[in-house]
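# Remarks on the overall topology
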Amino acid sequence: AQTVTQSQPEMSVQEAETVTLSCTYDTSESDYYLFWYKQPPSRQMILVIRQEAYKQQNATENRFSVNFQKAAKSFSLKISDSQLGDAAMYFCAYRSGDGGATNKLIFGTGTLLAVQP
Amino acid sequence: KAGVTQTPRYLIKTRGQQVTLSCSPISGHRSVSWYQQTPGQGLQFLFEYFSETQRNKGNFPGRFSGRQFSNSRSEMNVSTLELGDSALYLCASSLALRVTGELFFGEGSRLTVL
């Protein structure tokens, strides 16, 4: 079975600084997708960034980028120029690309990010 | 374009009762999945539907059930409620299964069981 581990329950960053959130996963599959989702307080979860396992190039979305290390099964999220609006719970998630059609996500336990002004 | 709508947003039930939660996906989306979010267990997959058929089910007891209608709206039902069923129930929609597109989440239905 696939598992996703986020070892940092809480993180804090100063506004305008850079922070990296860690995520490791375990799978025996060759085809899969990895995601970072953001859940602001009392608001819906939104997709921050995604990475297809077959792509070697790290995904980037504006101030958000990932460091995808497939052999190490590591998928960290870097937030540059942190803003107050980045404060939220961040979830790392895995979706299988094998074994039939599914949108099922396996989530990590989340990292609560605080942004200090 | 309206997002994923979940109703009710908040509800309080007592042990032994049953509850039905509703999810209206984004227009044109045919896949709906449900997740339970609790402080202790985190986010756990309940089930997913596509074209009115349950395609995948998580490891939850039979008290948890769901269905999807022809207009893609989905409902989930929990019977014989237990204290441990207190959670935020999230619904997510997507265009279809097995696409690289994103899931769009609703704001959730927060269930409290007393």
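The coordinates are above.
Now for a quick tour of the structure.

Rules and cut-offs
- Residues numbered from 1 in each chain as written.
- Chains lettered and ligands numbered in written order.
- Predicted model: local features only at pLDDT ≥ 70, side-chain atom pairs only at ≥ 80, totals over all residues.
- Heavy atoms only, no water.
- 1 Å grid on protein atoms, 1.4 Å probe; cavity = no way out; pocket = protein on both sides within 12 Å on 5 of 7 lines; lining within 4 Å.
- Points joined across faces, edges and corners; volume = space filled by probe spheres on them.
- Helix = DSSP H or I, 4+ residues; strand = E, 2+ residues; numbered from the N terminus.
- Nonpolar A, V, L, I, M, F, W, Y, C, P; charged D, E, K, R; others polar.
- Disulfide = S-S within 2.5 Å.
- Buried < 20%, exposed > 50% of the residue type's maximum accessible area, 1.4 Å probe, protein only.
- Phe/Tyr/Trp six-rings, centres within 6.5 Å; stacked < 30°, edge-to-face > 60°.
- Lys NZ or Arg CZ within 6 Å of the ring centre and 35° of its normal.

### Remarks on the layout of surface pockets
- Roughly 480 Å³ of internal volume is contained in the largest pocket.
- Lining of the largest pocket is provided by 24 residues; of these, Gln39(A), Phe91(A), Gln37(B), Leu88(B) and Arg110(B) occupy positions nearest its centre.
- For the lining of the largest pocket, the elements supplying multiple residues, two or more each, are strand S10 (88–96) of chain A together with strand S4 (31–38) and strand S9 (87–94) of chain B.
- For the lining of the largest pocket, the leading source of residues is S10(A), giving three residues.
- Looking at the lining of the largest pocket, its residues break down into 10 nonpolar, 10 polar and four charged.
- As a volume, the second largest pocket reaches approximately 410 Å³.
- Secondary structure elements with two or more residues in the lining of the second largest pocket: strand S1 (3–5) and strand S11 (105–107) of chain A together with strand S5 (42–50) of chain B.

### What about the state of the cysteines?
Residues and elements named next belong to chain A.
- Per the stated rule, a full pass over the model turns up two disulfides over all chains.
- Between the sulfur atoms of Cys23 and its disulfide mate Cys92 the distance is 2.0 Å. Taking the sign of the S-S torsion, -70° for the link of Cys23 and Cys92, the bridge is left-handed. In this pair, Cys23 sits in the loop between strand S3 (19–21) and strand S4 (24–26) while Cys92 sits in strand S10, placing the two residues 69 residues apart along the sequence. Neither residue differs from the other here; Cys23 and Cys92 are each classed as buried.

### Notes on the packing of aromatic side chains
- Inspection of every chain in the model, using the stated rule, returns 15 aromatic pairs over all chains.
- Judged by centre distance (6.0 Å) and plane angle (85°), the rings of Phe91(A) and Phe107(A) are edge-to-face. Residue Phe91(A) is found in strand S10, and its partner Phe107(A) is found in strand S11; the two are separated by 16 residues along the sequence.
- Grouping aromatic residues by their ring pairs yields a cluster made of Phe35(A), Tyr37(A), Phe91(A), Phe107(A), Tyr35(B), Phe45(B) and Phe105(B).
- Positioned above the aromatic ring of Tyr33(A) is the side chain of Arg95(A), whose terminal nitrogen or guanidinium carbon lies 5.5 Å from the ring centre.

### Thoughts on unusual backbone geometry
- Here the residue pair Thr7(B) and Pro8(B) is connected by a cis peptide bond, since its omega of -10° sits within 30 degrees of zero.
- Topologically, Pro8(B) is positioned in the loop between strand S1 (5–7) and strand S2 (10–13).
- Despite not being glycine, Asp81(A) has its phi angle at roughly 50°, a positive value.
- Structurally, Asp81(A) can be placed in the loop between strand S9 (74–79) and S10.

By themselves, these observations are geometric and do not establish any function.
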